[in-house]
Amino acid sequence: MNTTPDTDSLTIINGPEDGVVFPIHRTPFNIGTSGDCAVFLNFDQNVMRVHALATVVSGGYRVRSISGAPVFINEKRSGMVWARIARSGDILRLGDTSLCLVCAPDGLASRSIGIPTESNVAWLIRFLVQQASRALVVLYWACFKILNRVNRTLLAVMAVVLFLACFKPGFVRYVLWFVWGWTRYFWSRIPGG
């Protein structure tokens, strides 16, 4: 791949694909072994499918580990929550591959000077909100979609009983006697009960 002087790029300087240049045309971009990644490290067995995410910041790129596998920038670890910024000339190491970042004078990193970017704290808050919303979706499916029709009917009956109990306190006594009677009936049918 050829890169033009007005495009930022990542060049493999050590690893299974020495000399391959990856021009950076868009941001954010992924680094990994998946064919969908902008930086496609096909032959490194220690790199995950989507290993890292890079986003443009003022004068460089913030590199964040996505898979939890280590990413190093100038031999300092960049994590999922605490991401590091790579500037022109910095060395990124993922698995057994080392890449050198080259920021062109008219590249994305140079054009982003002065543009506000997302901090690590803002990213963490956004990530936690996304995970909480995913958990709520799973909870919704567990409570309402997976339960069979009988369980949903029992849930509706319990809701009606609780609603009526709020407005007719004497109603609770009849419900309790009803539940107690059926419990004694089923308990007497159990061997040894």
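These notes cover the structure that comes with them. Owing to the predicted nature of the structure, the values given are computational and were not obtained by experimental measurement.

## Observations concerning the overall build of the protein chain
Here is step 1: Secondary structure summary: the protein chain contains 4 helices and 11 strands in total.
Here is step 2: In terms of overall size, the protein chain is more extended than a compact globule, its C-alpha atoms giving a radius of gyration of 29 Å where 193 residues would be expected to give roughly 16 Å.
Here is step 3: Taking the principal axes of its C-alpha atoms as reference, the protein chain extends roughly 85 × 40 × 25 Å.
Here is step 4: Every one of the 193 residues in the protein chain was classed for burial, and the buried ones make up 28%.
Here is step 5: Considering only contacts within the protein chain whose residues lie at least 6 apart along the sequence, 42% involve residues at least 24 apart.

## Notes on the sheet that holds strand β8 (residues 76–78)
Here is step 1: Taken together, 6 strands build an open sheet; the order of strands is β2-β1-β11-β10-β7-β8 and the sheet is antiparallel. The sheet terminates laterally at β2 (21–24) and β8, the two strands that pair on one side only. In this sheet, neighbouring strand axes are inclined to one another by 30° on average, regardless of whether the strands run parallel or antiparallel.
Here is step 2: The pairing of strand β1 (residues 8–14) with β2 spans 4 bridges and is classified as antiparallel.

## Let's talk about the packing of aromatic side chains
Here is step 1: Counted according to the given criterion, the structure contains 2 aromatic pairs.
Here is step 2: Relative to tyrosine 61, the ring of phenylalanine 29 has its centre 5.9 Å away and its plane inclined at 70°; by these criteria the two rings are edge-to-face. In this pair, phenylalanine 29 is assigned in strand β3 (residues 29–32) and tyrosine 61 in strand β6 (residues 60–65), connecting sequence segments 32 residues apart. Both residues of the pair, phenylalanine 29 and tyrosine 61, belong to the buried class.

## Regarding the side chain of glutamate 17
Here is step 1: Structurally, glutamate 17 can be placed in the loop between β1 and β2.
Here is step 2: It is arginine 49 that comes nearest to the buried, bridge-free glutamate 17 among opposite-charge side chains, at 14 Å.
Here is step 3: Not counting the four nearest positions on each side in its chain, glutamate 17 is found in contact with Ile12, Phe40, Leu41, Asn42 and Phe43.

## Regarding the sheet that holds strand β5 (residues 52–57)
Here is step 1: One open sheet accounts for 5 strands, arranged β4-β3-β5-β6-β9; its pairing is mixed. Of all strands in the sheet, those bounded by a partner on one side alone are β4 (39–40) and β9 (84–87).
Here is step 2: With 6 bridges connecting them, β5 and β6 associate as antiparallel partners. Counted as the bridge partner of valine 57 is glycine 60 from β6.

## Quick notes on unusual backbone geometry
For residues besides glycine, phi is generally negative; the peptide bonds are generally trans as well.
Here is step 1: Residues threonine 27 and proline 28 are joined by a peptide bond in cis, for which omega reads -5°.
Here is step 2: Of note, proline 28 is situated in the loop between β2 and β3.
Here is step 3: For asparagine 74, which is not a glycine, the phi torsion comes out positive at approximately 50°.
Here is step 4: Among the secondary structure elements, asparagine 74 is positioned in the loop between β7 (71–73) and β8.
Here is step 5: Looking at asparagine 74, the relative accessible area reads 39%, which means it is partly exposed.

Calculation notes
- Residues numbered from 1 in each chain as written.
- Predicted model: local features only at pLDDT ≥ 70, side-chain atom pairs only at ≥ 80, totals over all residues.
- Heavy atoms only, no water.
- Helix = DSSP H or I, 4+ residues; strand = E, 2+ residues; numbered from the N terminus.
- Rg over C-alpha atoms; globule rule 2.2 N^0.38 Å.
- Buried < 20%, exposed > 50% of the residue type's maximum accessible area, 1.4 Å probe, protein only.
- Contact = heavy atoms within 4.5 Å.
- Pairing = 2+ DSSP bridges.
- Axes fitted to C-alpha atoms, helices over the stretch in contact; angles between N-to-C directions.
- Phe/Tyr/Trp six-rings, centres within 6.5 Å; stacked < 30°, edge-to-face > 60°.
- Lys, Arg positive; Asp, Glu negative; His and termini not counted.
- Salt bridge = Lys/Arg side-chain N within 4 Å of Asp/Glu carboxyl O.

These results come straight from atomic positions and should not be treated as a statement about function.
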